[in-house]
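# A look at the structure
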Amino acid sequence: MTGSSQKCEVLVIGAGPAGLAAAAAAREAGADVICLDLFARPGGQYGMQPASPASRFEAVSQVAEGRAAAARCLELGVKLLTETEVFWAEPGFRVFARQGQEALVIEANQMIVASGAMERPIPFDGWTLPGVMTAGAAQRLIKANGTLPGNSTVLAGSGPFLFAVADTFAKAGLRLRAYVELQGLGSRLLPLFVRHPSRLKEAAGLLRGLRATGASLHRRHVVVEALGGQRLEAVRLAPIGGDGKPQRSRSFTIDGVDSLCIGYGFQPVIDVTSALGAEHRHDTLLGGWRCVADPLTGATSVAGLYAAGETTGIGGAGPARLSGRIAGLGAAAGAGKTARADEIARLARQLADARDFAQGLARLFPFPGHLVDELSPSGTLCRCEDVSRADVEAAIDDGAGDALAVKMWTRAGMGPCQGRICGSSLAELVARRIGVSVAEAGCNRPHMPLRPVPLSIAGAALAQADGGCIR
Amino acid sequence: MTESVILFVDGEQVRTARGTTLASLLHARNAALRTSPAGRPRGLYCGMGVCFECMVRVDGETVRSCVTQVRDDMRVEVGQ
Ligand SMILES: Cc1cc2nc3c(=O)[nH]c(=O)nc-3n(C[C@H](O)[C@H](O)[C@H](O)COP(=O)(O)OP(=O)(O)OC[C@H]3O[C@@H](n4cnc5c(N)ncnc54)[C@H](O)[C@@H]3O)c2cc1C
Ligand code: FES
């Protein structure tokens with residue numbers, strides 16, 4: 001196994017809207033910049049690029065934006081590395097990555113983490129059946145790969161992202177069986193759009209998309225169970241009662257469903273910033289645990305480390321771009337380049353406005369963590385290790401007082417995903433059972449390697465780093 | 001025009017579009033990709049490399065198929 005090493009003044013992890021904006025800004029300020037991403041094409045989630053130029057998504061504005069942002073970086077001389085995944089980072093900074101079959105070590109003076117977001121799953125009965133996937137997974141299948149999630153799809157969950165996924169189905173000319181949204185909405189959306197009228201056009205377009213899918217609409221409903229033997233066959237829905245809980249007595253089944261795409265919102269990806277020991281805070285409206293960053297520079301609590309985009313709190317593409325640019329200028333200043341104060345002040349104002357809209361939306365679709373209560377005792381909580389809700393609650397009753405203790409006792413969160421998938425619902429269960437806040441119930445701690453890597457590559461990376469030790 | 005790639009899934013020769021992920025090919029063939037430690041069927045779930053439900057073997061190495069691009073002559077083993 002071979003390895004190589006590179007050096008730069010500013011390293012950017014993630015080539016989504018935030019990372020690309022950060023890389024361009026730092027480069028414009030005169031820094032030499034490497035920007036890397038694990039996916040094969042830059043753009044991140046929002047600006048995800050289709051595999052084929054013949055895709056009907058090529059002309060979609062998000063795709064065009066992603067393409068333009070990546071092109072701008074290349075034009076400026078940013079070194080863009082794709083299919084490159086960071087699996088460890090040390091302060092200073094030394095970053096260990098895997099690039100295909102090769103190990104890569106990057107030494108950087110300043111570093112910006114723009115690692116984006118991931119779904120914030122809520123376990124329910126049957127959620128492990130093949131055919132059940134996150135709404136984001138469905139979108140990526142269709143948009144980036146031109147593959148159908150299934151022949152008969154139910155899209156469910158809560159939040160504005162579901163509209164975007166329905167619109168993806170519509171743009172691909174696909175139909176949806178049903179659209180299931182926990183919230184009632186209607187007039188509650190109005191005040192927000194009165195405050196941010198420029199967002200109305202986008203919202204209307206998404207609604208048209210939903211209509212074009214021909215989906216039957218189920219507002220104030222949730223999926224309580226996915227049914228099937230070896231794979232998904234049917235979906236059980238229940239209406240939400242006056243107490244905010246699903247009414248099982250009025251539940252009904254939609255048969256002949258081979259795909260359920262479900263999402264209740266996003267959480268920040270904070271594995272790299274946590275590994276580096278940056279300060280994180282729990283904020284329900286921003287997706288749970290997020291990396292704390294200075295709004296004027298993007299600086300975290302660790303010297304030379306900056307964070308941008310969803311990593312600093314869920315807000316969508318607008319805040320991602322703006323916070324990315326701010327962090328790019330901040331990191332360039334950290335590397336001794338001069339940044340323009342007038343531009344930073346303007347960006348910070350725009351960021352505050354974009355965050356205001358995002359938080360307004362987040363308030364309309366509060367994360368329904370309590371739905372984890374609907375999981376039956378034998379239902380799976382931790383997918384990696386097949387740990388049930390009953391196993392977890394038995395550990396709590398035996399004295400496991402926080403998420404970490406439950407993890408040690410039950411192995412929930414000890415599998416390959418390192419608790420990324422079950423961590424937030426595990427904390428929710430602990431919090432509900434012993435009467436503490438979700439934040440007090442604990443956070444998910446990443447460990448080396450953050451991402452799976454064959455030993456041979458880890459070894460080559462270490463050799464490349466002069467035998468430096470990894471804790 | 002989309003270029004194609006020829007690879008092998010459980011010994012069967014398969015043609016698919018270059019630039020796509022292995023998971024998208026496998027999911028379209030059969031949603032069940034592996035079994036959990038307790039032997040339950042699992043398939044593509046997060047689609048972005050964080051859940052590990054889409055793991056299959058490629059040329060003897062275990063990979064997450066959702067973040068693996070299809071390549072010519074890849075030997076893919078599904079289900080374990
Ligand atoms: C599944 C999903 C789908 C979404 N779809 C939409 C949509 O259709 N429309 C919309 O408006 N918003 C969407 N969003 C919201 C999205 O978070 C924002 O719109 C926007 O993309 C955020 O930009 P970002 O740069 O902060 O993060 P992202 O766009 O997520 O970019 C982060 C990038 O960092 C990379 N990365 C992370 N960790 C590592 C690592 N260790 N090594 C290498 N690379 C790494 C990731 O591969 C990713 O490409 C989606 C979010 C998710 C999670
Ligand atoms: S589907 Fe989650 S890692 Fe591939």
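As a convention, each chain's residues are numbered from 1 in the sequence order in which they are written. Going through the entries in the order they are written, you letter the chains from A and number the ligands from 1. Selection of residues for local features in this predicted model requires a pLDDT of at least 70, selection of side-chain atom pairs for listing and counting requires 80 or more, and totals for whole chains, interfaces and linings are taken over all residues. The side-chain numbers reported here are obtained from all heavy atoms of the structure, hydrogens and water having been left aside.

Attention shifts here to the sheet that holds strand E15 (residues 259-263) of chain A. Residue and element names in this part refer to chain A. Being paired, for any two strands, means DSSP has found at least two bridges between them. Under the DSSP-based scheme used, a helix requires at least four consecutive residues in state H or I and a strand at least two consecutive residues in state E, with every element numbered from the N terminus. Here we have five strands laid out as an open sheet, ordered E8-E15-E9-E10-E11, and parallel in their pairing. Each of the sheet's edge strands pairs with one partner strand only, and the pair in question is strand E8 (132-134) and strand E11 (216-219). Strand-to-strand twist across the sheet, computed as the mean angle between neighbouring axes with direction ignored, equals 20°. Pairing analysis gives three bridges linking E8 to E15, with the strands arranged parallel. By the bridge assignment for E15, Val132 is matched with Leu260. Axis lines are fitted through C-alpha atoms, for helices just across the contact stretch, and the angle between N-to-C directions can take any value from 0 to 180 degrees.

Turning next to the site of ligand 1. All names here are of chain A. The immediate surroundings of ligand 1 are formed by 30 residues, with Ala18, Asp37, Gln45, Gln139 and Glu310 found nearest. Residue Asp37 places a side-chain N or O atom 2.5 Å away from an oxygen atom belonging to ligand 1. Under this definition, polar contacts are N or O atom pairs within 3.5 Å; protein pairs additionally need one hydrogen-donor-capable and one acceptor-capable atom, and for neighbouring residues in sequence, both atoms have to be side-chain atoms. Val86 has a polar backbone atom sitting 2.9 Å from a nitrogen atom of ligand 1. Compared with its free state, where it exposes 960 Å², ligand 1 has 95% of that area covered by protein. The element best represented in the shell around ligand 1 is strand E4 (residues 84-90), accounting for three residues. Amino acids outside the nonpolar list (Ala, Val, Leu, Ile, Met, Phe, Trp, Tyr, Cys, Pro) and the charged list (Asp, Glu, Lys, Arg) are all regarded as polar, and Gly is one of them. Split by residue class, the shell around ligand 1 holds 15 nonpolar, eleven polar and four charged. Those domain boundaries reflect an automatic or database domain assignment. Split by domain, the residues of the shell around ligand 1 number at least three in each of domain 1 (3-118 + 267-362) and domain 2 (123-263). Nearness here has a simple test: a residue counts as near a molecule or strand if at least one of its heavy atoms is within 4 Å of that partner. Residue burial considers only the protein chains on display, and all accessible areas are found by Shrake-Rupley using a 1.4 Å probe.

Residue and element names in this part refer to chain B. Summary statistics for chain B give a mean pLDDT of 93 and a share of 96% for residues scoring 70 or more. Confidence of the predictor in every single residue is expressed as pLDDT, which spans 0 to 100. Across chain B, strand E7 (residues 75-77) holds the top mean pLDDT of 97, while strand E6 (residues 61-64) sits lowest at 93. This prediction of the complex comes with two scores: 0.94 for pTM and 0.96 for ipTM.

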